[in-house]
Amino acid sequence: MVGVKRFSGLVSVGIILACLGPAPVLAETIEAALIRAYQNNPQLNAQRASVRSTDESVPQALSGYRPKVSITASGGYQYTDVNSIVAGNRFHLSGGNYPRSIGATVTQTLFNGNQTANRTRAAESQVSSAREGLRVLEQSVLLSAATIYMDYLRDAATVEVQKSNVRVLDQTLKQTNDRFNVGEVTRTDVAQSQAQLAAGNTQLLTAESNLTTTRANYRRIIGSEPSGLAPGSPVDRFLPASLAQAVELGLTQNPNVTAAMFGIDVSFLNVKINEGALFPTVTLQANAQQGYEQSITTPRQFTASALAQVSVPIYQGGAEYSLIRQSKESLAQQRLNLEQVRDQTRATIVQAWGQLLAGRAQVASAQSQVKASEIALNGVREEARAGQRTTLDVLNAQQALVNARVSLVTAQHDRVVASYSVLSAIGRLTPQVLGLKTDVYDPSVHYQQVRDSWIGVRTPDGR
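### Here we look at the overall build of the protein
Inference 1: Across its full length, the protein holds 12 helices and six strands.
Inference 2: Relative to the compact-globule value of 23 Å for 463 residues, the protein shows a C-alpha radius of gyration of 39 Å, a clear excess of over 25%.
Inference 3: Structurally, the protein occupies a C-alpha span of about 150 × 50 × 40 Å along its principal axes.
Inference 4: Residues counted as buried form 40% of the 463 residues belonging to the protein.
Inference 5: Distance between charge centroids for the protein: 3 Å, based on 42 positive and 35 negative side chains.

Okay, structure coming up:
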């Protein structure tokens, strides 16, 4: 039997991950893709805006420490007609005047059961929790970016594998037809070659469809079309040495855990805020008013006052007590939620670590499978030349090699993604840890800009 040309499109592992071709000089690296996603992902930018919005809760809470000032002014026309008797004498007074007044009132809360202080601390905890929520989304976006990058490499390499497979199967069919014409094989051999070629075309179409979908998702997550992607590599150098260390780090650094901790702080302070409603409230109010023509007989009048007021709640229908009980239950819920988050984090780390170990073993196994499949294919071809193997045996051995190559590409993809997943589960999938050359978004900058603002409607960026 005439030997089939070697499957030249399926060569080394590194070339497969480089989409079966030489990498361009200005290849897109996975680090560059992560930077682009970190800077431009709309979901991430929306979450940053949400954190900036949460920052404003602190100056709102601090406003309870500050005085409230109001100015009032009035003016109009007043007509008076008065008949009166004083000491037996009758008097009649009538006429019109234009009463006018302007005044100012300043109110300062001196004590309200520490509600303002607790509201401020609660707002600060909410800001910290929002920042941890931002870290959660940052790591989710970076993990999605790394995953879609490797997805595209895998799917593009699979397309090239299937294209090479179709080329070889087409050549096999031609050679089988030639041998059929000279009577070396039967029509069955030709039909088998045709069926295998049709199956190869189907696999190629499926691979191209998957690549199209991946390209669209790449554009959605990264923000640009994939072009000339360089091979990706694992981030094992940033991982702890053992699973125990990974779990220990995750229970302290995972942003889901720290966000739940701040949630407990907020709930505890809400209890104190509601308890503060049972305390007296002390306010100081100063008022000054200048009036003109307040009556026909009073052309000018000035009044000023400064009053301290103490309000002691006795019973308000029981709503304040219900709020206290409700906030205590919310606090207990948040504490239980923290335990749940810790358990989930631990399980996620263990799962990701197991996938990482399995990925390493799968790559080694797939490499052995590819090597063995190449040797088997070459042996089947030699035996076919000697008449000891059929065309179907050659086609099956060739398909086994194709499957092994696809499995190797998938294993390499899973190996890289698993390393990023472990880093994310621990809570260290950040630009700082990865060493990405980009400006890191610092939410504390906006917080410091607005925290002590007394007035102003413009945001720090000028809007």
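### Quick notes on helix H8 (residues 255–276)
Along an α-helix, residues three or four positions apart point the same way, because every turn accommodates 3.6 residues.
Inference 1: Taking 1.5 Å per residue as the helical rise, H8 with its 22 residues ought to reach 32 Å, and the 31 Å between its terminal C-alpha atoms agrees with that figure.
Inference 2: The residue sitting at the N-terminus of H8 and contributing the capping side-chain oxygen is Asn254; that oxygen lies 2.8 Å from the backbone nitrogen of Asn256.

### Looking at a nonpolar patch on the surface
Inference 1: Residues Leu110, Phe111, Leu278, Phe279, Leu284, Val310, Val312, Ile314, Tyr315 and Tyr321 make up a contiguous nonpolar surface patch of roughly 980 Å² in combined accessible area.
Inference 2: Mapped onto the elements of the fold, Tyr321 is located in helix H9 (residues 319–385).

### Some thoughts on the packing of aromatic side chains
Inference 1: Scanning all chains against the criterion turns up two aromatic pairs.
Inference 2: With a centroid separation of 6.1 Å and an interplanar angle of 55 degrees, the aromatic rings of Tyr152 and Tyr218 are classed as tilted. In this pair, Tyr152 is assigned in helix H5 (residues 115–181) and Tyr218 in helix H6 (residues 187–222), connecting sequence segments 66 residues apart. Each member of the pair, Tyr152 together with Tyr218, is buried.
Inference 3: Geometry around Tyr447 places Arg131 over its ring, the cationic atom sitting 5.2 Å from the centre.

### Regarding the packing of helix H7 (residues 243–253) against H9
Inference 1: Running from amino to carboxyl end, H7 crosses H9 at an angle of 145 degrees, the nearest separation of the two axes being 9 Å. The chirality of how H7 crosses H9 is right-handed. Contacts from Leu243, Ala246, Val247, Gly250 and Leu251 in H7 reach Arg342, Thr345, Arg346, Ile349, Val350 and Trp353 in H9.
Inference 2: Residue classes in the contact of H7 with H9 are distributed as seven nonpolar, two polar and two charged.

### Things to note about the sheet that holds strand S5 (residues 281–295)
Inference 1: The antiparallel open sheet is built from four strands, whose spatial order is S1-S4-S5-S6. Each edge of the open sheet carries a strand with a single partner, namely strand S1 (68–75) and strand S6 (298–311). Strand-to-strand twist of the sheet, defined as the mean angle between neighbouring strand axes without regard to direction, takes the value 10 degrees.

### Topic: the environment of Gln108
Inference 1: For Gln108, the location among the structural elements is in strand S4 (residues 100–111).
Inference 2: With residues near it in sequence (within four places) discarded, Gln108 still touches Tyr65, Arg66, Pro67, Val282, Thr283 and Leu284.
Inference 3: A polar contact of 3.0 Å, which involves the side chain of Gln108, links it to the backbone oxygen of Tyr65.

### What about the pairing of strand S2 (residues 78–86)?
Inference 1: The pairing of S2 with strand S3 (residues 89–97) spans nine bridges and is antiparallel. Bridge pairing in S3 places Thr80 opposite Gly95.

### Some remarks on the pattern of salt bridges
Two side chains with opposite charge may pair up if their charged atoms get near one another.
Inference 1: Counting across every chain of the model gives 15 salt bridges.
Inference 2: Linking Arg36 and Glu28 is a salt bridge whose minimum nitrogen-to-oxygen distance equals 2.4 Å.
Inference 3: Taking the relative accessible area as the measure of exposure, Glu28 reaches 14% and is therefore buried.
Inference 4: The salt bridge partner of Arg154 is Asp151, with a shortest N-O separation of 3.7 Å. Note that Arg154 and Asp151 are positioned in helix H5 at a spacing of three residues, about one turn of the helix.
Inference 5: A single network of salt bridges, built from pairs that share partners, joins Glu124, Arg451 and Asp452.

### Let's talk about the nonpolar core
Inference 1: Core analysis: the largest hydrophobic core is formed by 58 residues, its most contacted members being Leu34, Tyr149, Tyr218, Ile222, Tyr420 and Leu434.
Inference 2: Elements with a minimum of two residues in this core: helix H2 (30–40), helix H3 (42–55), H5, H6, H7, H9, helix H10 (391–426) and helix H11 (431–434).
Inference 3: Looking at this core element by element, the count peaks at 17 residues for H5.
Inference 4: In this view, Tyr420 contacts Ile30, Leu34, Leu143, Ala146, Ser233, Val235, Leu429 and Leu434; residues no more than four positions away in its chain are not counted.

Basis of the calculations
- Residues numbered from 1 in each chain as written.
- Predicted model: local features only at pLDDT ≥ 70, side-chain atom pairs only at ≥ 80, totals over all residues.
- Heavy atoms only, no water.
- Helix = DSSP H or I, 4+ residues; strand = E, 2+ residues; numbered from the N terminus.
- Rg over C-alpha atoms; globule rule 2.2 N^0.38 Å.
- Buried < 20%, exposed > 50% of the residue type's maximum accessible area, 1.4 Å probe, protein only.
- Lys, Arg positive; Asp, Glu negative; His and termini not counted.
- Charge placed at Lys NZ, Arg CZ, Asp CG, Glu CD.
- Expected span 1.5 Å × (residues − 1).
- Polar contact = N/O pair within 3.5 Å; in protein donor to acceptor, adjacent residues only side chain to side chain.
- Patch = residues over 30% accessible without salt bridge, like charges linked within 9 Å, V, L, I, M, F, W, Y side chains within 5 Å.
- Areas by Shrake-Rupley, 256 points an atom, 1.4 Å probe, with all protein chains shown as cover.
- Salt bridge = Lys/Arg side-chain N within 4 Å of Asp/Glu carboxyl O.
- Phe/Tyr/Trp six-rings, centres within 6.5 Å; stacked < 30°, edge-to-face > 60°.
- Lys NZ or Arg CZ within 6 Å of the ring centre and 35° of its normal.
- Axes fitted to C-alpha atoms, helices over the stretch in contact; angles between N-to-C directions.
- Left-handed = near helix turned anticlockwise from the far one by under 90°.
- Contact = heavy atoms within 4.5 Å.
- Nonpolar A, V, L, I, M, F, W, Y, C, P; charged D, E, K, R; others polar.
- Pairing = 2+ DSSP bridges.
- Core = buried A, V, L, I, M, F, W, Y, C linked by side-chain atoms within 4.5 Å.

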